[in-house]
Structures are given as C-alpha cells and as structure tokens.
Amino acid sequence: MPPTPSLLTPFIPVFLLIVFKVPIIIGFLIGGFYALFVCGKLKSFRAACRTFNKDFFDGVVDTAPLVGFLLVVPMFNKAAELCIPYFNALLGNIIPHSTLFITVIFCVLAPLGMFRGPFTLYGCGAATLGILKGVGFEVAFLAPLMIAATTVMNVSCCITQSWIVWGISYAKVSTKEFLKMSVVCGWIICCILQVITFIMFG
C-alpha cells in the first residue's frame, strides 16, 4: 500500500497551476518527484528520470489507439453538426413533444452515451441536441439530460477515455469485466439524474 501522503499527488499540478501559475507539464513533473519521494522510490535523479521515461513510454503505448480515435472525433462532431438540418427534416415531425417521453427515452437508452454515441456531447450528441432544440425543447431541460449521459456514461464508464484505459491496464482487468460493472452502475445513476431533471425542468 502506498503511504497516505502520496494521495495528494494528483492535486499538486492543479494547486501549482491555480496558485502559482506553474505550467501544467512542470506541475506534473513536480508531482511525480513528490510521489517518488513519499513512496521511498527517489533513490537518485537518474533513476527518477528512467522511471519517468518508462512511464511516458508505457502510457503512450497503452493509449495510442485512443489517441488515434480522438483525432477523428472532431471531424465526426463537425459532420454531425452539418447533418442537423437534414435530421430535423426527417425526424422533426416524428419526435413527440413531451418532456416526459424524452426523459423516459434518455433513461432507457442511457448507454447510448458511451462510445461517443448520440447521447454524449463529446460525440454525435451534437446532432441529437440540435434535433431536439429544433423540435422546440428548452435548452434548460435538454442540457442536464445530455450532460448527465455525457459525464456518467461517457466520461466515467466508457473505455474511450484515456484515464479509464490506463486504469484498466493498471488494475489488470479486462474491458469486458469493467464494462459489466460500469454500464450497470452508470445506467442507474443516469436514470436517477434524468428523473431529477424532469422534476426540476420538465
């Protein structure tokens, strides 16, 4: 088990950036040296540099497919935005104008927020948002619905996120095992948040 002070490591770069305006890369390096020191691994500067070098290398290898995927996402999002008028023309008269119905749909189909799907703002959710706005739903109602699916299903549960890929690799857990747990928990949390959204804004 790492010593308790090592738990402060992730906060060091943020603290240095906010309080002392230290560039984030330097902040990460300082945080790394701090972690090595409190864990008793800072034997020498040369050894620390070798550790950093290996970690950078391993990190790039672990997340390389994801980085490639993220390079394509902006193009995908832009294409989705350009398609909004056509989706509106095709689906505008089909989608019911009931906030309760839309809330139920978001609850039932919450996992579509994963893998940059139609319920995440970091994927083709831009098109979904545009269509629902075009139908006449208020942004104050749509924003929490989309943000809940985005932050819970995509940011917290989806293996297209670099931190999740790293965590899975570090814990030696298969993506299948991780998704079995994350999807169920995320789905339940999403449903709770969508119901709260309907009560407050629907």
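Scroll up for the structure.
Residues numbered from 1 in each chain as written. Predicted model: local features only at pLDDT ≥ 70, side-chain atom pairs only at ≥ 80, totals over all residues. Heavy atoms only, no water.

A few words now on the state of the cysteines. Disulfides are covalent bonds that link the sulfur atoms of two cysteine residues. Applying the stated criterion across every chain yields a total of zero disulfides. Considering cysteine sulfurs only, Cys-185 is the nearest to Cys-157, which forms no disulfide, with 7.4 Å between them. Unpaired in terms of disulfides, Cys-190 finds its nearest cysteine sulfur in Cys-191, a separation of 7.0 Å. On the basis of relative accessibility, which here comes to 0%, the residue Cys-190 falls in the buried class. (Disulfide = S-S within 2.5 Å. Buried < 20%, exposed > 50% of the residue type's maximum accessible area, 1.4 Å probe, protein only.)

Right, let's talk about the packing of helix H7 (residues 139-155) against helix H9 (residues 175-201) for a bit. At a minimum axis separation of 9 Å, H7 and H9 run at an interaxial angle of 165 degrees. Considering the angle they form, H7 stands roughly antiparallel to H9. You can see that H7 and H9 cross each other, and the crossing is right-handed. Between H7 and H9, the residues in contact are Ala-140, Phe-141, Pro-144, Leu-145, Ala-148, Ala-149, Val-152 and Met-153 and Val-183, Gly-186, Trp-187, Ile-189, Cys-190, Leu-193, Gln-194, Thr-197, Phe-198 and Phe-201, respectively. For the contact of H7 with H9, a count of residues per class yields 15 nonpolar, three polar and no charged. (Axes fitted to C-alpha atoms, helices over the stretch in contact; angles between N-to-C directions. Helix = DSSP H or I, 4+ residues; strand = E, 2+ residues; numbered from the N terminus. Parallel < 35°, antiparallel > 145°, perpendicular 65-115°, else oblique. Left-handed = near helix turned anticlockwise from the far one by under 90°. Contact = heavy atoms within 4.5 Å. Nonpolar A, V, L, I, M, F, W, Y, C, P; charged D, E, K, R; others polar.)

In this section: a nonpolar patch on the surface. A cluster of nonpolar side chains, contributed by Val-14, Phe-15, Leu-17, Ile-18, Val-19, Phe-20, Ile-24, Ile-25, Phe-28, Leu-29 and Phe-56, occupies part of the molecular surface with about 1,100 Å² of accessible area. Mapped onto the nonpolar patch, the elements with two or more residues apiece are helix H1 (11-20) and helix H2 (24-38). By residue number, the principal contributor to the nonpolar patch is H1, which donates six residues. Residue position: Val-14 is located in helix H1. Exposure remark for Val-14: the relative accessible area of 43% places this residue in the partly exposed category. (Patch = residues over 30% accessible without salt bridge, like charges linked within 9 Å, V, L, I, M, F, W, Y side chains within 5 Å. Areas by Shrake-Rupley, 256 points an atom, 1.4 Å probe, with all protein chains shown as cover. Salt bridge = Lys/Arg side-chain N within 4 Å of Asp/Glu carboxyl O.)

On to the packing of aromatic side chains. Going through the model one piece at a time under the given rule, you end up with six aromatic pairs. Plain terms: the ring middles of Phe-15 and Phe-20 are 5.9 Å apart, the flat faces sit at 75 degrees to each other, and that makes the pair edge-to-face. Its relative accessible area of 53% is what places Phe-20 among the exposed residues. When the ring of Phe-106 is compared with that of Phe-119, the centres are 4.2 Å apart and the planes differ by 10 degrees; the resulting orientation is stacked. Highlighted residues: Phe-106 in helix H5 (residues 99-108) and Phe-119 in the loop between H5 and helix H6 (125-135), separated in sequence by 13 residues. We classify Phe-106 as buried; its relative accessible area is 2%. We classify Phe-119 as buried; its relative accessible area is 6%. (Phe/Tyr/Trp six-rings, centres within 6.5 Å; stacked < 30°, edge-to-face > 60°.)

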